Amino acid sequence: MLDLRFVVANLDHVKAALARRGAHASAALVSVEAEAHVRKELIVKSETLRAEQKKQSDAMKTLRGEAQAELRTKLKAMADEVKALDTTLREVEARIEAALLSVPNLPHPSVPDGQSEHDNVVQGPRNFGAAPTFAFAPKDHVALGEGLGLLDFERAAKISGARFAVLKGDLARLERAVLTFFLDVARERGYTEVLTPYLVNQASLRGTGQLPKFEADLFKTTVEPPLYLIPTAEVPVTNLHRDEILGDPNSPPIGTKYACFSPCFRSEAGSAGKDTRGLIRMHQFHKVELVRFETPEDSQEALEQLTTDAQEPLKRLGLHHRVVALCAGDMGANAEKTYDLEVWLPGQSAFREISSCSSFGDYQARRAQIRFRPSATEKPKLAHTLNGSGLAVGRTVVAILENYQQADGSVVIPEALRPYLGGLEKLTKV
RNA sequence: GGAGAGGUGGCCGAGAGGCUGAAGGCGCUGGUUUGCUAAACCAGUAUACGGCCCAAAGCUGUAUCGAGGGUUCGAAUCCCUCCCUCUCCGCCA
């Protein structure tokens, strides 16, 4: 959420920045300026009146009889008026809040212009490796997994439905090895591992910006009050410090970095009919998420580091990938700047997203009230939040299958993972 | 799920309709004293949203005692609903 005062004071600048995202990004702002003025007037009126009411009600203590009754009538009228003003004020504030909640974040000035994924900018120097060459026609991961007898979509459909998968044997072990490997790499790089709930309340989803706009993407349970399955560990981990001041006695310092493994649940995945085959787009998948809390001064540098941190496991697995800066029109609504990591999939002859690393400025922190104290004497300021996948586990397994496949349909396990698999070197047909 | 006890500032803990943004203590910050450290003493020590001010500083208003509603001229204090914590019972990996 953007800051109301900032928006009102810099309306033209805000509109221009939002226009980079597309024509309608600032639509909700049309009435905000006028409503903000009304809001202030109501606050002044109500508070002045209440102050007067409080002052006069002191006399109630000493007055008796007729005089007291008279004053009570007068004060009652004032109290009623204050109530009426406050009711109107709440309505106005609710409209402002609703408008502001639907306004996306302002793209960072360094974000490239553009409307769609075609305008994203590949960060050449950060790319890694080269596409492997094959002396045979490479298969996709579905053919490989099913051919090995380790991947079962049919039974997954029976027990759950479309867009679920069952992994078996060494492939299931591989998935588990990959996620452990990711957590170990993150720990080496200074991230504290956390394990959080997979069901969260509405306040948490509002804090990170999934609600109210993206309810349709979420799985919602029927308990009251509702709990939602997390679409990413970003939600529980960022909300770890909701309504906290980082650096205070019971909170970690600003600059804290977390790594969190979790399953992720997405209801709308696949509604567009994309990627109907295989493990790429699922209702449930595993991910290790990296989350950072930084000062405004450090957050852009932190995004560069975060992206490098997310690349590290891909490098150790020897997987060819590139880094792409998303253009203003392709970024998620909450993000200020985003780098995607795209891994090469020989089965598709294409790069596919395997990580998305974003800085959010104070957009999430304002909703979630995550602050830090610049120094012992200064007032708390909103922190900057960042997160990125480090990495999507299922898609990594896909990449391993496709990049390390052999002519006979077996798959070589990358060296870095073998210690996690008791030295296993190959996936072979069972 | 059932029964009971609770939720007050960074922490502990008083308060039981107006004098309470909230006693007292601890902690923290600054100062005085002081060979150093410690101790003692003095002062300060929340957040949000407004107003005055070119701005900062400062002054000032309002709100906040788990959350939300209600009663009242006036609520930390009374009533209702919800959330959370603890103890016991039940259930359970």
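Rules and cut-offs
Residues numbered from 1 in each chain as written. Chains lettered and ligands numbered in written order. Predicted model: local features only at pLDDT ≥ 70, side-chain atom pairs only at ≥ 80, totals over all residues. Heavy atoms only, no water. Buried < 20%, exposed > 50% of the residue type's maximum accessible area, 1.4 Å probe, protein only. Helix = DSSP H or I, 4+ residues; strand = E, 2+ residues; numbered from the N terminus. Arc of directions from axis to C-beta. Contact = heavy atoms within 4.5 Å. Polar contact = N/O pair within 3.5 Å; in protein donor to acceptor, adjacent residues only side chain to side chain. Pairing = 2+ DSSP bridges. pLDDT = per-residue confidence, 0-100. Domains from an automatic or database assignment. Near = heavy atom within 4 Å. Nonpolar A, V, L, I, M, F, W, Y, C, P; charged D, E, K, R; others polar.

Focus on helix α2 (residues 11-19)
1) Next: Every buried residue of α2 is listed here: L11, V14, A17 and L18. Relative to the axis of α2, the buried residues are bounded by an arc of 130° and lie together on one face.
2) Next: Tucked into the core, α2 has its buried residues touching α1 (4-9) and α3 (32-57).

Section: the side chain of S251
1) Next: Relative to the elements of secondary structure, S251 occurs in the loop between β7 (244-246) and β8 (257-265).
2) Next: S251 sits in the buried class, given a relative accessible area of 15%.
3) Next: Among the polar contacts made by the side chain of S251, one reaches the side chain of E244 at a distance of 2.5 Å.
4) Next: When neighbours within four sequence positions are excluded, S251 is seen to be in contact with E244, I245 and L246.

Brief notes about the pairing of strand β10 (residues 321-325)
1) Next: The buried fraction of β10 amounts to 4 of the 5 residues, a majority that puts the element mostly inside the structure.
2) Next: Relative to β10, strand β1 (residues 121-122) is paired through 2 bridges, and the arrangement is antiparallel. From the neighbouring strand, V121 faces β10, where its bridge partner is A325.
3) Next: Where β10 meets strand β11 (residues 337-345), 5 bridges bridge the pair, whose relative direction is antiparallel.

Remarks on the confidence of the model for chain A
1) Next: Per-residue confidence for chain A averages 92 on the pLDDT scale, and 98% of its residues sit at or above 70.
2) Next: Interface confidence in the predicted complex, given as ipTM, is 0.84; pTM for the same model is 0.92.

A word on the domain arrangement of chain A
1) Next: Looking at the assigned domains, one finds that chain A contains domain 1 (4-100) and domain 2 (117-427).
2) Next: A C-alpha centroid distance of 43 Å is found between domain 1 and domain 2.

Side note on the protein's contact with RNA strand B
1) Next: Close contacts around RNA strand B come from 23 residues, with R39, E47, R50, K54 and R72 the closest.
2) Next: The sugar-phosphate share of atoms of RNA strand B within 4 Å of the protein amounts to 69%.
3) Next: Within the side chain of R39, an N or O atom sits 2.8 Å from a phosphate oxygen of RNA strand B.
4) Next: E47 is positioned with one of its side-chain polar atoms (N or O) 2.7 Å from a base nitrogen of RNA strand B.
5) Next: If one sorts the elements of the surface near RNA strand B by residue count, α3 sits on top with 10 residues.
6) Next: When the residues that make up the surface near RNA strand B are grouped by side-chain class, the tally is 8 nonpolar, 2 polar and 13 charged.

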